[in-house]
Amino acid sequence: MTIVLNCIFARMNSEELQLVKELLSEPKSIVITPHKNPDGDAIGSSLALWHYLRQHNHNAQVIVPNDFPKFLKWMPGVDQILIFDKKKEASLKIIEKADLIFTLDFNDLGRIGAMKPAFENATADFVMIDHHQEPHSYARVTYSDVSMSSTCEMIYNFIEILGDRNRIDEKIAQCIYAGILTDTGSFKYPSTSSRTHRVVADLIDKGINCSSIQQMIFDTNTPDRLHLLGRALNNLVILKQYSTAYITLLQKDMDEFNFKKGDTEGFVNYGLTLEGIRFALIFIENGDEGYIKISLRSQGDFSVNEFARSHFNGGGHTNAAGGRSDLSMEETVEKFLQILEEYKEQLTP
Ligand code: 5GP
Ligand code: MN
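Everything in this summary refers to the structure shown in the same document. Since the model is a prediction, treat every value here as computed from it, not as a measurement.

1. Focus: the site of ligand 1
Consideration 1: For ligand 1, the full set of nearby residues is Arg111, His132, Lys293, Ser295, Arg297, Gly314, Gly315, Gly316, His317, Ala320, Ala321 and Gly322.
Consideration 2: Contacts to ligand 1 include His132, whose side-chain N or O atom sits 2.6 Å from an oxygen atom.
Consideration 3: Burial of ligand 1 by the surrounding chains reaches 80%, relative to a free accessible area of 490 Å².
Consideration 4: Contributions of two or more residues to the shell around ligand 1 are made by strand E10 (291-298), strand E11 (315-316) and strand E12 (320-325).
Consideration 5: Split into classes, the residues belonging to the shell around ligand 1 amount to 2 nonpolar, 7 polar and 3 charged.

Structure below.
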């Protein structure tokens, strides 16, 4: 009970906390996995937890479904990550033998792509730590809190609730900071609380260099990426009557500017910077896998989670969500415009 009161920020009941303590009471084989197309929060939370568990002599392994952008590859421990897509056999063996699997920054096994069957067949106990809406119930311990800025902030809480805040070293602090920074849009989004800033203050006290981390994440443009951004902005369509703006990018645009993973990160946000725009999207064609990836962002109470979940097989948060379409770009946009009409009342000021 005292421990729960020590960290009122971790919304975990005392039974769950007791169970986690028991599960971690002796060295175990542990797999840590974030969602497919991992972002800063996914990689940051996975590596922060990995460093922490290793301190406690667990045999931990981060396995990510597929590769991730270069601007995240400076994080301490990143070279120890196994990429399922590239090392399938080795990954499957480790998953099969695991005692415990932490799933981070997602809450539905549909979000890990080709790793799903291996997780469904695993004998390990699952622990979910996540801040997305509508968690599925596959885990023995579910630490889910949609009010949190990031899974990284939850990892901080998790370590704190286990009584180990003083074991957060500079490496763990760097990883947690990276995830909070990226998932809050540099402390801009409404989920950024006073507590988020207090956590970051503590991370700074652990010795991290914020400006160098920001540089490693954000100052990594290439001429190709800037030109691709130019194309994206050129393709921006503004639908004033729906307070909506969207961008389309075709595979041939991506090819023309030698697309590298992560190059389109943040493009969707430009639409929202327009005065009067409350709903912004980007549709990106993935020619190899034959679908359109959709990123959705909103301002205020218009829920892109609901929009993506209901119409585009996706989900996420109220103001940031993702989804997909198996139609062509033209058909996808047509479908989107039809659906948008249903939301006109919600979107008009
Ligand atoms: P992004 O647009 O940056 O890929 O994702 C925005 C948010 O929505 C992130 O929190 C991400 O985890 C979530 N998200 C992205 N794609 C999907 C999806 O296909 N399904 C669900 N449930 N969430 C998604
Ligand atoms: Mn996140």
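2. Details of the packing of helix H7 (residues 170-183) against helix H9 (residues 210-218)
Helices that pack against each other are described as a pair by the angle of their axes relative to one another and the distance between those axes.
Consideration 1: Across the interface, H7 lies against H9 with an axial gap of 11 Å and an inter-helix angle of 60°. Classified by the interaxial angle, the pair formed by H7 and H9 is oblique. In the packing of H7 onto H9, the handedness of the crossing is right-handed. Every residue of H9 that contacts H7 at Gln174, Tyr177, Ala178, Leu181 and Thr182 is listed here: Cys210, Ile213, Gln214, Ile217 and Phe218.
Consideration 2: Residues that form the contact of H7 with H9 fall into these classes: 7 nonpolar, 3 polar and no charged.

3. What to know about the sheet that holds E11
Consideration 1: Strand order in the open sheet formed by 6 strands is E7-E8-E9-E10-E12-E11, with mixed pairing between adjacent strands. What marks the edges here is a single partner per strand, and that holds for strand E7 (237-239) and E11.
Consideration 2: As paired strands, E7 and strand E8 (residues 244-249) are joined by 3 bridges and run antiparallel to one another. Bridging across to E8, Leu239 finds its partner in Thr244.

About the thresholds
Residue numbers restart at each chain and count upward from 1, following the sequence in its written direction. Working convention: letters from A go to chains and numbers from 1 go to ligands, in the order in which they are written. Where totals are concerned, whole chains, interfaces and linings use all residues; where local detail is concerned, this predicted model gives features only for residues with pLDDT of at least 70, and gives and counts side-chain atom pairs only at 80 or more. Excluded from the side-chain calculations are hydrogens and water; all other atoms, namely the structure's heavy atoms, are used. When we say a residue is near a molecule or strand, we mean one of its heavy atoms is within 4 Å of it. For this analysis, a polar contact is any N or O atom pair within 3.5 Å, provided that within protein one partner can donate a hydrogen and the other can accept it, and provided that sequence-adjacent residues contribute only side-chain to side-chain pairs. In these tables, accessible area is a Shrake-Rupley quantity obtained with a 1.4 Å probe, and a residue counts as shielded only by the protein chains included in the view. Labels follow the DSSP assignment, with helices taken as runs of H or I lasting at least four residues and strands as runs of E lasting at least two, numbered in each case from the N terminus. Nonpolar residues are Ala, Val, Leu, Ile, Met, Phe, Trp, Tyr, Cys and Pro. Charged residues are Asp, Glu, Lys and Arg, and all others, Gly as well, are polar. Between the N-to-C directions of two axes lies an angle of 0 to 180 degrees, each axis being a line fitted to C-alpha atoms and, for a helix, fitted only over the stretch in contact. Put simply, angles under 35 degrees are roughly parallel, angles over 145 are roughly antiparallel, angles from 65 to 115 are roughly perpendicular, and the rest are oblique. In this scheme, a crossing is called left-handed if the near helix is turned counterclockwise away from the far one by less than a right angle; it is called right-handed if the turn is clockwise. Residue contacts follow a heavy-atom distance rule, with two residues in contact if any of their heavy atoms lie within 4.5 Å. DSSP-based pairing: two strands are paired if at least 2 bridges between them are found.

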